[in-house]
Amino acid sequence: MAEDPWLTIIGLGEDGPEGLSSASRAALETAEVVIGPPRHLALLPGTNAERIDWPVPFADGLDLLEKCRGRPTVALASGDPFWFGAGRVIAARLERSEWHALPGVSTFARAAARMGWGLERTTCLGLHAAPLGRLRPHLATGARLIVLLRDGAAVGELARYLREQGFGGTRMAVLEALGGPRERRTNARADALEGTFHHPLCVALEVSSGPGLACVPGREDDVFDNDGQITKRPIRALTLSALAPRPGERLWDIGGGSGSVAIEWLLAHAANDAVSLEARPDRAERIGRNAAALGADRLQVVQGRAPEALAGLPRPDAVFVGGGLSRTLLDDLAERLAPGTRLVANAVTLESEALLTAWHGARGGELMRVELSRAAPLGPRRGWQAAYPVVQYRGTL
């Protein structure tokens, strides 16, 4: 018979032992070691167990935890340890047979109950260790969000961020020490928030009207800082459709320009990854800024030229060639990547169009020519002003 796990991960609230299940209290009573943040340890009455403060940075505590192997040990975490909590990191470090978990009520559940919101219709974000830019895709008129923050000072930073993004009318409910004797709620608009706040806390947001991002690819060009090197909105929408991002997939964006294609790939799903390759340092820096501003800071930006700079990069599920198209690059991709990797390439010049035409003839796939015209002044009247046609290749390697 397999041995019982030596580690129990317990979710603890501000109400201390009173809020624990009987199973959690039993695990604490039999533990030889209890490890957790000082704030959590202070919520527990005296026990005979050895107490270990979880250090900062958090990763250092994992080594301390592993030294307890073989002794009945409890690791304390906030609320539900597997919802933006420590549970995921601990579980990734240990074998599955070494631990079991007894979650408590999550901060999100407590906050939703205080607000009277349906949790299934509320966006929950953990920003205690992430930039506020992660909020940007979720800021839309009437949206409800519950946000975890690192400390009291971050509340003012959040209010300032909302004002800067044009959402100063957003209603904020700052919820401190939920479920405990120190629980406090402060209501204010983002453009009028004042006061001093203390950890642990979260903020419930009812977003005001403002410049929200569209939900589908083909967002406005001016959303992306650019020097003119950008896949324009209609072509970008067609490009993302051809790339067909699926949850958890990775993109190589070769010739990133402003990063618009890679960023929209990431905005398609939170589990997606992307690498944007750009030869010019100024543009590579701009791509990073755009990604951070639009909540896609997980974009990996590589400054260099293809195919040389592709060496060592994690293999993609799809590749977009927006610049630097050559036969050498196409041949390298075909040799380097697994069969079935999706490839989309856009061409504007006659030379690159001829290259894609030949590639299509040899490898199959789809070839599409897109010609767009916009209404523009023509003397006292209006006429159609044509843009350069774009030839788009879509296929697999």
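Given the structure is predicted, the values throughout are model-derived calculations rather than measurements. (Residues numbered from 1 in each chain as written. Predicted model: local features only at pLDDT ≥ 70, side-chain atom pairs only at ≥ 80, totals over all residues. Heavy atoms only, no water.)

A.B. asks: What is the right way to look at the side chain of Ser352 in this model?
C.D. replies: With respect to the helices, strands and loops of the structure, Ser352 is situated in helix 11 (residues 350–363). The class for Ser352 is buried, based on a relative accessible area of 13%. Polar contacts involving the side chain of Ser352 include one to the side chain of Thr349, which spans 2.7 Å. Those residues in contact with Ser352 that lie beyond four places of it in its chain are Leu325 and Ala347. (Helix = DSSP H or I, 4+ residues; strand = E, 2+ residues; numbered from the N terminus. Buried < 20%, exposed > 50% of the residue type's maximum accessible area, 1.4 Å probe, protein only. Polar contact = N/O pair within 3.5 Å; in protein donor to acceptor, adjacent residues only side chain to side chain. Contact = heavy atoms within 4.5 Å.)

A.B. asks: In this structure, what is going on with the pattern of salt bridges? I would like to understand it.
C.D. replies: Pairing is possible between side chains of opposite charge, provided their charged atoms come close. In total, this model carries 35 salt bridges according to the counting rule given. One salt bridge in this structure joins Glu183 and Arg114, with 2.7 Å as the shortest N-O distance. Here Glu183 is found in the loop between strand 8 (171–176) and strand 9 (184–189), whereas its partner Arg114 is found in helix 5 (residues 107–115), with 69 residues between them in sequence. Take Arg114: its relative accessible area is 34%, and that puts it in the partly exposed class. (Salt bridge = Lys/Arg side-chain N within 4 Å of Asp/Glu carboxyl O.)

A.B. asks: Whenever I open this one, the pairing of strand 8 confuses me. Can you help?
C.D. replies: Successive side chains on a regular strand alternate, one facing one side of the sheet and the next facing the other. Burial within strand 8 is extensive, with 5 of its 6 residues counted as buried. Where strand 8 and strand 9 come together, 6 bridges link them in antiparallel fashion. When the sheet's bridge partners are listed, Glu176 is paired in strand 9 with Arg184. (Pairing = 2+ DSSP bridges.)

A.B. asks: Would you mind showing me how to read the sheet that holds strand 15 (residues 342–347) here?
C.D. replies: By definition, the strands of a sheet pair up through backbone hydrogen bonds, in either a parallel or an antiparallel sense. As summarised here, the arrangement of the 7 strands in space is 13-12-11-14-15-19-16, forming an open sheet in which the pairing is mixed. The two strands at the open ends of the sheet, each matched to only one other strand, are strand 13 (300–303) and strand 16 (366–370). Taking each pair of neighbouring strands and ignoring which way they run, the sheet shows an average axis angle of 15°. Alignment of strand 11 (residues 250–254) against strand 12 (residues 273–278), held across 5 bridges, turns out to be parallel. Counted as the bridge partner of Arg250 is Asp273 from strand 12. Most of the contacts of helix 10 (residues 327–336) go to strand 11, to which it runs at about 160°, and overall it touches strand 11, strand 14 (318–321) and strand 15. (Axes fitted to C-alpha atoms, helices over the stretch in contact; angles between N-to-C directions.)

A.B. asks: How should helix 5 be read in this particular structure?
C.D. replies: Structurally, the α-helix is built with 3.6 residues per turn, so residues lying three or four positions apart point the same way. Listed in full, the buried residues belonging to helix 5 are Phe108, Arg110, Ala111, Ala112 and Met115. Summarising the contacts, the buried residues of helix 5 are in contact with strand 6 (123–126), strand 7 (144–148), strand 8, strand 9 and strand 10 (201–206). Looking at the residues trailing helix 5, positive phi occurs at Gly116, about 75°.

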